[in-house]
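The lines below spell out each chain.
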Amino acid sequence: RAHVCPTRGEITDDAAPVLVLVEDRTHDRKIEALRSDFIANASHELKTPLASILGSIETLQGPARDDPAGQERFLALMARQAERMKRLVEDLLSLSHIELSEHLAPRTECDLLDTAREAGAAVSPLLRKQGVTLEIALSDQPHPVRGDRDQLIQVFVNLLENALKYGRPEGRIVLAPADGDPRWPGMWGVSVIDDGPGIAREHVPRLTERFYRVSAKASRDRGGTGLGLAIVKHVLNRHRGELQIESTPGVGSRFTVRVPKAPESVSQNLAGAGNS
Ligand code: ADP
């Protein structure tokens, strides 16, 4: 083989081969920027309630010292802000736990419709309290998947809670089957449908980004952390699944979860377990 001799510039047969390593660091830089954005956002989200708690303590020690009604008010405010910090820390921990396991495909088996029903049962007291109706329109057919049952329940809980938070007061939420779409062969699907105000088209592609919210105030007022759909997306990545978001402003939204059907052997196991 011929080589260009670096000192003499001539082509020789005996020059030492030169290894040139070209590394594209663009991806690394993007990841680094995302990471520092995330830390800045998380710190800001924690700092706001913390500042409010510290302010309340100062007021309780000073101006409100002899004002029982004021003390009640500030204690209630502190409790709300502490709850908000707790939710945020729980969501941050969930997200980090899921990200750590994201490359490990789940090894356990479960039924997708079962996880949706379980989530429905978990949120139904909250829905009832707010006058919202939940209709579960799922079949009795087995929908076996290779999946982490708790994580899939969390997916549906997050979607149902969003349908409640951003849906119509006294509205209707439906858990409906979404199988048989030829665009997703080999996947089982379940939709969470609400009749709320819907989401403007430009927001839809960004909803699963961490801390992305259509309205930060609306999310905070309803106890949101901005991490619910990011958690959904990471769980579904782990399951090689998909989240499809369709929304019509003024009509409502439909969030569809799709997870690959379990291989034949898994289906048989589940059917066998169901029969025994
Ligand atoms: P949050 O904690 O703010 O609810 P999510 O990640 O769960 O965070 O959702 C991101 C944003 O998507 C919400 O702040 C809200 O603006 C919007 N959103 C989610 N679900 C719905 C829905 N069913 N209807 C309307 N908007 C929704």
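Quick notes on the rules
- Residues numbered from 1 in each chain as written.
- Predicted model: local features only at pLDDT ≥ 70, side-chain atom pairs only at ≥ 80, totals over all residues.
- Heavy atoms only, no water.
- Salt bridge = Lys/Arg side-chain N within 4 Å of Asp/Glu carboxyl O.
- Helix = DSSP H or I, 4+ residues; strand = E, 2+ residues; numbered from the N terminus.
- Buried < 20%, exposed > 50% of the residue type's maximum accessible area, 1.4 Å probe, protein only.
- Pairing = 2+ DSSP bridges.
- Axes fitted to C-alpha atoms, helices over the stretch in contact; angles between N-to-C directions.
- Contact = heavy atoms within 4.5 Å.
- UniProt positions renumbered as here; feature names shortened; annotations may be inferred.

If you look the protein up in an unreviewed UniProt entry, it shows as histidine kinase from Paroceanicella profunda.

*Asks:* Sorry, what's going on with the pattern of salt bridges here?
*Replies:* Side chains that differ in charge, positive against negative, can pair when their charged atoms come close. This structure, assessed with the given rule, holds 16 salt bridges. Arg-258 is the partner of Asp-181 in a salt bridge, and the nearest nitrogen-oxygen pair spans 3.7 Å. Highlighted residues: Asp-181 in the loop between β6 (172–177) and β7 (187–194) and Arg-258 in strand β9 (residues 252–260), separated in sequence by 77 residues. Residue classification places Asp-181 among the buried residues on the basis of a relative accessible area of 17%. Since its relative accessible area comes to 5%, Arg-258 is described here as buried. The closest approach of N and O atoms between Arg-206 and Glu-209, which form a salt bridge, is 2.9 Å.

*Asks:* Mind showing me how you'd approach the sheet that holds strand β8 (residues 242–248) here?
*Replies:* Two pairing modes exist for strands in a sheet, parallel and antiparallel, and in both the strands are linked by backbone hydrogen bonds. Read from one edge of the open sheet, 5 strands run β4-β6-β7-β9-β8, paired in mixed fashion. With partners counted over all chains shown, the strands left at the sheet margins are β4 (133–136) and β8, one partner each. Averaged over neighbouring strand pairs, the angle between their axes works out to 15° when direction is ignored. Inspection of the sheet shows β8 paired to β9 by 7 bridges, in the antiparallel sense. Along β9, the bridge assignment pairs Ser-247 with Ser-253. The sheet strands contacting helix α6 (residues 228–238) are β8 and β9, and the helix crosses β9 at an angle near 25°.

*Asks:* How should the UniProt feature "domain: Histidine kinase" (unreviewed entry) in the protein be read in this particular structure?
*Replies:* Per the UniProt entry, the sites bearing "domain: Histidine kinase" (unreviewed entry) are residues 41–263 in this numbering. Note that residues 41–263 is 48% helix and 18% strand, and that its end C-alpha atoms are spaced 41 Å apart.

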